Amino acid sequence: MQFKNISFLIISVFSFICFNSNAATVDSLDVPSTAMNKNYKAAVVLPASYANNKTAYPVLYLLHGGGGHFRDWLTSTPDKNLVKNLADKYNLIIVMPEGETFGWYMDTPNSQFETYITKEVIQKIDATYRTVKSSKGRVITGLSMGGHGAMYLSTRHPELFGAAGTMSGAMDMNYTKFKVNADFTKSLKDRFEKLLGTSDVSNEVYVRNSIVNMVDVIKKNAMPIIIDCGVDDFLIDANRELHSRLLYAGVSHDYTERPGAHTWPYWENSLPYHVLFFQKILKNNGVVVE
(Lines give C-alpha, C1' and ligand atoms only; values in the text may rest on other atoms or scores of the structure.)
Protein backbone atom coordinates (compact mmCIF):
# COMPACT_ATOMS: atom_id res chain seq x y z
CA MET A 1 0.00 0.00 0.00
CA GLN A 2 2.85 2.38 0.87
CA PHE A 3 4.55 1.63 -2.46
CA LYS A 4 1.35 2.44 -4.34
CA ASN A 5 1.05 5.77 -2.52
CA ILE A 6 4.63 6.70 -3.39
CA SER A 7 4.10 5.70 -7.02
CA PHE A 8 0.95 7.80 -7.19
CA LEU A 9 2.81 10.78 -5.72
CA ILE A 10 5.64 10.46 -8.25
CA ILE A 11 3.20 10.23 -11.15
CA SER A 12 1.27 13.25 -9.86
CA VAL A 13 4.40 15.37 -9.53
CA PHE A 14 5.62 14.29 -12.98
CA SER A 15 2.25 15.15 -14.51
CA PHE A 16 2.26 18.55 -12.79
CA ILE A 17 5.73 19.34 -14.14
CA CYS A 18 4.82 18.24 -17.67
CA PHE A 19 1.58 20.22 -17.64
CA ASN A 20 3.24 23.40 -16.48
CA SER A 21 6.16 23.05 -18.88
CA ASN A 22 3.61 23.22 -21.69
CA ALA A 23 1.84 26.34 -20.45
CA ALA A 24 2.36 29.99 -21.31
CA THR A 25 4.71 31.99 -19.11
CA VAL A 26 4.42 35.56 -17.86
CA ASP A 27 7.29 38.06 -17.82
CA SER A 28 7.19 41.28 -15.83
CA LEU A 29 9.27 43.52 -18.07
CA ASP A 30 10.74 46.90 -17.12
CA VAL A 31 9.83 49.46 -19.78
CA PRO A 32 11.03 52.84 -18.52
CA SER A 33 9.75 55.99 -20.17
CA THR A 34 12.23 58.61 -21.25
CA ALA A 35 9.32 60.79 -22.39
CA MET A 36 7.84 60.88 -18.88
CA ASN A 37 11.01 60.23 -16.88
CA LYS A 38 9.28 57.39 -15.04
CA ASN A 39 9.79 53.67 -14.61
CA TYR A 40 6.92 51.44 -15.75
CA LYS A 41 6.40 47.74 -16.23
CA ALA A 42 4.56 45.62 -18.76
CA ALA A 43 3.24 42.09 -18.39
CA VAL A 44 4.27 39.90 -21.33
CA VAL A 45 2.69 36.49 -21.90
CA LEU A 46 4.80 34.11 -23.99
CA PRO A 47 3.12 31.00 -25.40
CA ALA A 48 4.69 27.68 -24.45
CA SER A 49 5.81 27.13 -28.05
CA TYR A 50 7.99 30.25 -27.94
CA ALA A 51 10.80 28.43 -26.13
CA ASN A 52 10.96 25.61 -28.64
CA ASN A 53 11.63 27.37 -31.94
CA LYS A 54 13.20 30.45 -33.48
CA THR A 55 10.16 31.76 -35.30
CA ALA A 56 9.12 35.41 -35.11
CA TYR A 57 5.80 35.75 -33.27
CA PRO A 58 2.91 38.15 -33.85
CA VAL A 59 2.06 40.41 -30.92
CA LEU A 60 -1.25 41.48 -29.42
CA TYR A 61 -1.15 44.68 -27.36
CA LEU A 62 -3.89 44.45 -24.75
CA LEU A 63 -4.73 47.70 -22.92
CA HIS A 64 -6.31 48.08 -19.48
CA GLY A 65 -9.10 50.46 -18.53
CA GLY A 66 -9.44 53.54 -16.37
CA GLY A 67 -8.56 53.08 -12.73
CA GLY A 68 -6.43 50.07 -13.62
CA HIS A 69 -2.86 49.02 -14.23
CA PHE A 70 -0.84 46.74 -16.48
CA ARG A 71 -1.59 43.46 -14.65
CA ASP A 72 -5.39 43.85 -14.71
CA TRP A 73 -5.97 41.36 -17.51
CA LEU A 74 -4.06 38.73 -15.53
CA THR A 75 -5.64 39.35 -12.13
CA SER A 76 -9.18 40.63 -12.65
CA THR A 77 -10.80 38.20 -15.08
CA PRO A 78 -12.83 35.43 -13.40
CA ASP A 79 -10.61 32.91 -15.22
CA LYS A 80 -7.08 33.90 -14.23
CA ASN A 81 -5.65 31.76 -17.05
CA LEU A 82 -7.65 33.47 -19.81
CA VAL A 83 -4.81 35.45 -21.39
CA LYS A 84 -2.29 32.62 -21.02
CA ASN A 85 -4.67 30.12 -22.59
CA LEU A 86 -5.30 32.44 -25.55
CA ALA A 87 -1.56 32.97 -26.03
CA ASP A 88 -1.06 29.20 -26.16
CA LYS A 89 -4.07 28.52 -28.37
CA TYR A 90 -3.11 31.06 -31.03
CA ASN A 91 0.68 31.20 -30.54
CA LEU A 92 0.60 34.91 -29.76
CA ILE A 93 2.80 37.08 -27.61
CA ILE A 94 0.39 39.19 -25.57
CA VAL A 95 1.73 42.45 -24.15
CA MET A 96 -0.10 44.38 -21.42
CA PRO A 97 1.59 47.77 -20.96
CA GLU A 98 1.02 50.39 -18.28
CA GLY A 99 -1.39 53.20 -19.10
CA GLU A 100 -1.88 54.63 -15.59
CA THR A 101 -5.29 55.04 -13.99
CA PHE A 102 -6.38 57.94 -16.18
CA GLY A 103 -3.77 58.38 -18.91
CA TRP A 104 -6.10 57.69 -21.88
CA TYR A 105 -3.08 56.58 -23.95
CA MET A 106 -2.67 60.16 -25.18
CA ASP A 107 -0.02 62.84 -25.04
CA THR A 108 -1.37 65.52 -22.70
CA PRO A 109 0.08 68.29 -20.54
CA ASN A 110 0.52 65.76 -17.70
CA SER A 111 1.43 62.52 -19.46
CA GLN A 112 2.90 61.14 -22.66
CA PHE A 113 1.29 57.73 -23.08
CA GLU A 114 0.85 57.96 -26.85
CA THR A 115 4.59 58.51 -27.18
CA TYR A 116 5.27 55.87 -24.54
CA ILE A 117 3.33 53.09 -26.28
CA THR A 118 4.26 53.93 -29.87
CA LYS A 119 7.91 54.89 -29.43
CA GLU A 120 9.07 53.16 -26.25
CA VAL A 121 6.99 50.08 -25.45
CA ILE A 122 6.85 48.64 -28.97
CA GLN A 123 10.56 49.20 -29.49
CA LYS A 124 11.37 47.53 -26.16
CA ILE A 125 9.20 44.51 -26.96
CA ASP A 126 10.69 44.13 -30.45
CA ALA A 127 14.21 44.39 -29.02
CA THR A 128 13.57 41.88 -26.24
CA TYR A 129 11.54 39.16 -27.96
CA ARG A 130 11.35 37.43 -31.34
CA THR A 131 8.50 39.41 -32.85
CA VAL A 132 7.13 40.19 -36.29
CA LYS A 133 8.54 43.69 -36.48
CA SER A 134 5.91 45.22 -38.74
CA SER A 135 2.23 46.12 -38.76
CA LYS A 136 1.48 42.74 -40.37
CA GLY A 137 2.18 41.04 -37.07
CA ARG A 138 1.04 43.68 -34.58
CA VAL A 139 -2.57 44.12 -33.39
CA ILE A 140 -4.15 46.06 -30.52
CA THR A 141 -7.32 46.10 -28.42
CA GLY A 142 -8.44 47.06 -24.94
CA LEU A 143 -11.35 47.68 -22.61
CA SER A 144 -13.06 50.97 -21.72
CA MET A 145 -10.30 53.62 -21.56
CA GLY A 146 -8.10 50.97 -23.19
CA GLY A 147 -10.66 50.58 -25.97
CA HIS A 148 -10.28 54.29 -26.64
CA GLY A 149 -6.52 53.83 -26.48
CA ALA A 150 -6.47 50.96 -28.96
CA MET A 151 -8.59 52.85 -31.48
CA TYR A 152 -6.77 56.13 -30.86
CA LEU A 153 -3.27 54.72 -31.27
CA SER A 154 -4.12 52.56 -34.28
CA THR A 155 -5.94 55.39 -36.03
CA ARG A 156 -3.09 57.84 -35.50
CA HIS A 157 -0.35 55.26 -36.19
CA PRO A 158 -1.60 52.90 -38.93
CA GLU A 159 2.00 52.12 -39.82
CA LEU A 160 2.36 50.29 -36.49
CA PHE A 161 -0.76 48.11 -36.34
CA GLY A 162 -2.47 45.70 -38.71
CA ALA A 163 -5.84 45.56 -36.93
CA ALA A 164 -7.54 47.10 -33.90
CA GLY A 165 -10.41 46.49 -31.53
CA THR A 166 -12.34 47.95 -28.64
CA MET A 167 -14.37 46.34 -25.85
CA SER A 168 -16.84 48.62 -24.04
CA GLY A 169 -14.71 51.46 -25.32
CA ALA A 170 -15.04 55.15 -24.46
CA MET A 171 -15.52 56.19 -28.07
CA ASP A 172 -16.59 59.72 -27.15
CA MET A 173 -14.61 61.66 -24.54
CA ASN A 174 -17.63 63.81 -23.73
CA TYR A 175 -18.07 62.41 -20.23
CA THR A 176 -21.40 64.24 -19.78
CA LYS A 177 -22.91 61.65 -22.14
CA PHE A 178 -21.84 58.71 -19.97
CA LYS A 179 -24.79 57.00 -18.29
CA VAL A 180 -23.42 57.36 -14.77
CA ASN A 181 -24.56 59.00 -11.54
CA ALA A 182 -23.79 62.58 -10.48
CA ASP A 183 -20.92 61.61 -8.18
CA PHE A 184 -19.18 59.63 -10.91
CA THR A 185 -19.71 62.50 -13.37
CA LYS A 186 -18.13 64.93 -10.88
CA SER A 187 -15.16 62.58 -10.45
CA LEU A 188 -14.73 62.33 -14.24
CA LYS A 189 -14.94 66.11 -14.59
CA ASP A 190 -12.16 66.59 -12.05
CA ARG A 191 -9.94 63.94 -13.62
CA PHE A 192 -10.42 65.23 -17.16
CA GLU A 193 -9.65 68.73 -15.93
CA LYS A 194 -6.33 67.44 -14.59
CA LEU A 195 -5.62 65.37 -17.70
CA LEU A 196 -6.54 67.84 -20.42
CA GLY A 197 -6.37 71.19 -18.67
CA THR A 198 -10.09 71.81 -19.12
CA SER A 199 -13.39 70.15 -18.20
CA ASP A 200 -15.29 71.96 -20.97
CA VAL A 201 -16.41 69.16 -23.29
CA SER A 202 -17.00 71.63 -26.12
CA ASN A 203 -13.29 72.40 -26.13
CA GLU A 204 -11.44 71.29 -29.26
CA VAL A 205 -9.26 68.91 -27.26
CA TYR A 206 -12.30 66.75 -26.49
CA VAL A 207 -13.69 66.96 -30.01
CA ARG A 208 -10.59 66.11 -31.99
CA ASN A 209 -9.49 63.27 -29.69
CA SER A 210 -12.82 61.42 -29.58
CA ILE A 211 -12.95 58.32 -31.76
CA VAL A 212 -16.48 59.14 -33.01
CA ASN A 213 -14.95 62.17 -34.73
CA MET A 214 -12.13 60.22 -36.42
CA VAL A 215 -14.25 58.32 -38.95
CA ASP A 216 -12.66 60.03 -41.97
CA VAL A 217 -9.18 58.97 -40.85
CA ILE A 218 -10.38 55.46 -39.95
CA LYS A 219 -11.86 55.17 -43.45
CA LYS A 220 -8.63 56.35 -45.04
CA ASN A 221 -6.58 53.84 -43.04
CA ALA A 222 -8.87 50.92 -44.06
CA MET A 223 -7.69 48.94 -41.05
CA PRO A 224 -9.68 45.86 -39.94
CA ILE A 225 -11.65 46.80 -36.81
CA ILE A 226 -13.68 44.87 -34.26
CA ILE A 227 -16.04 46.68 -31.87
CA ASP A 228 -18.30 45.30 -29.17
CA CYS A 229 -20.17 46.57 -26.14
CA GLY A 230 -22.70 45.24 -23.64
CA VAL A 231 -26.28 46.46 -24.00
CA ASP A 232 -26.33 47.48 -20.33
CA ASP A 233 -22.99 49.30 -20.49
CA PHE A 234 -22.92 53.01 -19.63
CA LEU A 235 -20.90 53.56 -22.83
CA ILE A 236 -23.26 51.77 -25.20
CA ASP A 237 -24.61 54.97 -26.81
CA ALA A 238 -21.15 56.13 -27.92
CA ASN A 239 -20.41 52.70 -29.39
CA ARG A 240 -23.70 52.74 -31.29
CA GLU A 241 -22.91 56.23 -32.54
CA LEU A 242 -19.51 55.16 -33.82
CA HIS A 243 -21.07 52.12 -35.47
CA SER A 244 -23.66 54.32 -37.19
CA ARG A 245 -21.06 56.79 -38.43
CA LEU A 246 -18.86 54.00 -39.77
CA LEU A 247 -21.84 52.48 -41.60
CA TYR A 248 -22.79 55.86 -43.07
CA ALA A 249 -19.20 56.37 -44.25
CA GLY A 250 -19.06 52.89 -45.76
CA VAL A 251 -16.31 51.70 -43.42
CA SER A 252 -16.14 47.92 -43.11
CA HIS A 253 -16.00 46.78 -39.48
CA ASP A 254 -17.14 44.00 -37.15
CA TYR A 255 -19.71 45.25 -34.63
CA THR A 256 -21.46 43.27 -31.89
CA GLU A 257 -23.73 44.02 -28.95
CA ARG A 258 -24.14 41.34 -26.30
CA PRO A 259 -25.94 41.05 -22.98
CA GLY A 260 -23.75 42.51 -20.25
CA ALA A 261 -22.47 45.64 -18.58
CA HIS A 262 -19.13 47.28 -17.80
CA THR A 263 -17.77 44.21 -16.01
CA TRP A 264 -14.93 41.70 -16.08
CA PRO A 265 -17.24 38.77 -16.87
CA TYR A 266 -18.27 40.67 -20.02
CA TRP A 267 -14.66 41.36 -21.04
CA GLU A 268 -13.63 37.78 -20.31
CA ASN A 269 -16.30 36.68 -22.78
CA SER A 270 -15.33 39.37 -25.27
CA LEU A 271 -11.57 38.90 -25.54
CA PRO A 272 -11.62 35.46 -27.24
CA TYR A 273 -13.77 36.92 -30.04
CA HIS A 274 -11.22 39.68 -30.57
CA VAL A 275 -8.32 37.24 -30.65
CA LEU A 276 -10.15 35.02 -33.15
CA PHE A 277 -10.81 38.09 -35.32
CA PHE A 278 -7.13 39.07 -35.15
CA GLN A 279 -5.98 35.54 -35.89
CA LYS A 280 -7.75 35.62 -39.24
CA ILE A 281 -6.01 38.90 -40.09
CA LEU A 282 -2.63 37.57 -39.01
CA LYS A 283 -3.16 34.40 -41.05
CA ASN A 284 -4.00 36.45 -44.13
CA ASN A 285 -0.80 38.42 -43.49
CA GLY A 286 1.17 35.16 -43.41
CA VAL A 287 2.60 35.66 -39.92
CA VAL A 288 0.83 33.07 -37.76
CA VAL A 289 2.95 30.47 -35.99
CA GLU A 290 1.62 27.00 -36.77
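Rules of the game
- Residues numbered from 1 in each chain as written.
- Predicted model: local features only at pLDDT ≥ 70, side-chain atom pairs only at ≥ 80, totals over all residues.
- Heavy atoms only, no water.
- Phe/Tyr/Trp six-rings, centres within 6.5 Å; stacked < 30°, edge-to-face > 60°.
- Helix = DSSP H or I, 4+ residues; strand = E, 2+ residues; numbered from the N terminus.
- Buried < 20%, exposed > 50% of the residue type's maximum accessible area, 1.4 Å probe, protein only.
- Lys NZ or Arg CZ within 6 Å of the ring centre and 35° of its normal.
- Salt bridge = Lys/Arg side-chain N within 4 Å of Asp/Glu carboxyl O.
- Expected span 1.5 Å × (residues − 1).
- Arc of directions from axis to C-beta.
- Pairing = 2+ DSSP bridges.
- Right-handed = clockwise from strand over helix to strand, strands pointing away.
- Axes fitted to C-alpha atoms, helices over the stretch in contact; angles between N-to-C directions.
- Contact = heavy atoms within 4.5 Å.
- 1 Å grid on protein atoms, 1.4 Å probe; cavity = no way out; pocket = protein on both sides within 12 Å on 5 of 7 lines; lining within 4 Å.
- Points joined across faces, edges and corners; volume = space filled by probe spheres on them.
- Nonpolar A, V, L, I, M, F, W, Y, C, P; charged D, E, K, R; others polar.
- Core = buried A, V, L, I, M, F, W, Y, C linked by side-chain atoms within 4.5 Å.
- Parallel < 35°, antiparallel > 145°, perpendicular 65-115°, else oblique.
- Left-handed = near helix turned anticlockwise from the far one by under 90°.

Visitor: Is there a simple way to think about the packing of aromatic side chains in this case?
Guide: Aromatic ring pairs are defined here through the distance separating the ring centres and the angle between the ring planes. Counted under the stated rule, the structure contains 17 aromatic pairs. Between Phe102 and Trp104, the ring centres sit 5.8 Å apart and the planes meet at 75°, which makes this aromatic pair edge-to-face. Between the aromatic rings of Phe113 and Tyr116, the centroid separation amounts to 5.9 Å while the plane-to-plane angle is 85°, which identifies the pairing as edge-to-face. One end of the pair, Phe113, and the other, Tyr116, are both in helix H4 (residues 113–128), three residues apart, so they sit about a helical turn from each other. Grouping residues by exposure puts Phe113 and Tyr116 together as buried. An aromatic cluster is defined as three or more aromatic residues linked by ring pairs; in this entry it consists of Phe102, Trp104, Tyr175, Phe192 and Tyr206. We note Arg258 situated over the ring of Tyr273; from NZ or CZ to the ring centre the distance is 4.1 Å.

Visitor: Teacher, can you tell me more about the pattern of salt bridges here?
Guide: A pair can form between side chains of opposite charge whenever their charged atoms are brought close. Summed over the entire model, instances satisfying the criterion amount to nine salt bridges. Salt-bridge contacts for Arg138 lead to Asp126; the nearest nitrogen and oxygen are separated by 2.9 Å. Separated by 12 residues along the polypeptide, Arg138 in strand S7 (residues 138–142) and Asp126 in helix H4 bring together distant segments of the chain. Assigned by exposure class, Arg138 and Asp126 land together as buried.

Visitor: How should I be thinking about helix H6 (residues 182–196) in this particular structure?
Guide: Because each turn of an α-helix spans 3.6 residues, side chains separated by three or four positions in sequence point in the same direction. Taking 1.5 Å per residue, 15 residues should reach 21 Å; H6 reaches 21 Å between its end C-alpha atoms and fits that length. Buried within H6 are the following residues: Leu188, Phe192, Leu195 and Leu196. Within H6, the buried residues cover an arc of 65° as seen down the axis, which keeps them to one side. Among the exposed residues of H6, those oriented more than 90 degrees off its buried face are Ala182, Asp183 and Lys194.

Visitor: Just to check I follow, could you spell out the pairing of strand S10 (residues 254–258) for this structure?
Guide: Regular strands show a simple pattern: their side chains alternate between the two faces of the sheet. In this sheet, S10 lies alongside strand S9 (residues 225–230) in parallel orientation, the contact comprising five bridges. Bridging from a neighbouring strand, Cys229 pairs with Glu257 of S10. Considered for its hand, the β-α-β crossover made up of S9, helix H9 (residues 236–249) and S10 is right-handed.

Visitor: Would you explain the environment of Gly146 in this entry?
Guide: Relative to the helices and strands, Gly146 resides in helix H5 (residues 145–156). Expressed as a C-alpha distance, the spacing of Gly146 and Tyr266, which sit 120 residues apart in the sequence, is 15 Å.

Visitor: It is not clear to me how the sheet that holds strand S1 (residues 25–30) should be interpreted in this structure. Could you clarify?
Guide: The strands that make up a sheet are held in pairs by hydrogen bonds between backbone atoms, and each pair lies either parallel or antiparallel. Pairing within the open sheet is mixed, and its eight strands lie in the order S1-S2-S4-S3-S7-S8-S9-S10. The open sheet has two free edges, formed respectively by S1 and S10, since each of these has just one partner strand. Put simply, the sheet's adjacent strands are angled 15° from each other on average, direction ignored. Running at roughly 145° to strand S4 (residues 93–97), helix H3 (residues 82–90) makes contact with S1, strand S2 (41–46), strand S3 (59–63) and S4 of the sheet. Across the sheet, H4 touches S1, S2, S3, S4 and S7, and the angle it forms with S1 is around 125°.

Visitor: Honestly, the layout of surface pockets in this entry has me stumped. Any pointers?
Guide: Using a probe with the size of a water molecule, rolled over the atoms, empty space left in the structure can be pinpointed. By volume, the largest pocket amounts to about 350 Å³. Lining the largest pocket are 22 residues, with Gly65, Gly66, Gly67, Ser144 and His262 positioned closest to its centre. Elements represented by at least two residues in the lining of the largest pocket include exactly H6 and helix H10 (264–284). Looking at the lining of the largest pocket, the element that brings in the most residues is H6, giving three residues. When the residues that make up the lining of the largest pocket are grouped by side-chain class, the tally is 12 nonpolar, eight polar and two charged.

Visitor: It is not clear to me how empty space enclosed by the protein should be interpreted in this structure. Could you clarify?
Guide: Under the criterion given, the structure shown has one cavity of 30 Å³ or more. Around the largest cavity sit Met151, Ser154, Thr155, Ile218, Asn221, Met223 and Ile225, which together line it. Sorting the residues of the lining of the largest cavity by element identifies H5 and helix H8 (215–221) as the ones contributing at least two each. By residue number, the principal contributor to the lining of the largest cavity is H5, which donates three residues. By residue class, the composition of the lining of the largest cavity is four nonpolar, three polar and no charged.

Visitor: It is not clear to me how the nonpolar core should be interpreted in this structure. Could you clarify?
Guide: A general feature of soluble globular proteins is that nonpolar side chains tend to end up buried together. Tyr61, Ile93, Trp104 and Phe192 are the most contacted members of the largest nonpolar core, which totals 64 residues. A total of six residues in this core trace back to one element, the largest contributor, which is H4. In this structure Tyr61 touches Val95, Val121, Ile122, Ile125, Arg138, Val139, Ile140, Thr141 and Phe161, once residues within four positions along its chain are discounted. With 33 residues, the next largest nonpolar core counts Val45, Leu74, Leu82 and Phe277 among its residues.

Visitor: Can you help me understand the packing of H3 against H10 in this one?
Guide: It is at 11 Å that the axes of H3 and H10 come closest, and there the two elements cross at 20°. The orientation of H3 with respect to H10, classified from their angle, is roughly parallel. Two packed elements cross with a definite hand, and for H3 against H10 that hand is right-handed. Within the contact between the two elements, H3 uses Leu82, Val83, Leu86 and Tyr90 and H10 uses Glu268, Leu271, Pro272, Val275, Leu276 and Gln279. Its residues placed into classes, the contact of H3 with H10 shows eight nonpolar, one polar and one charged.

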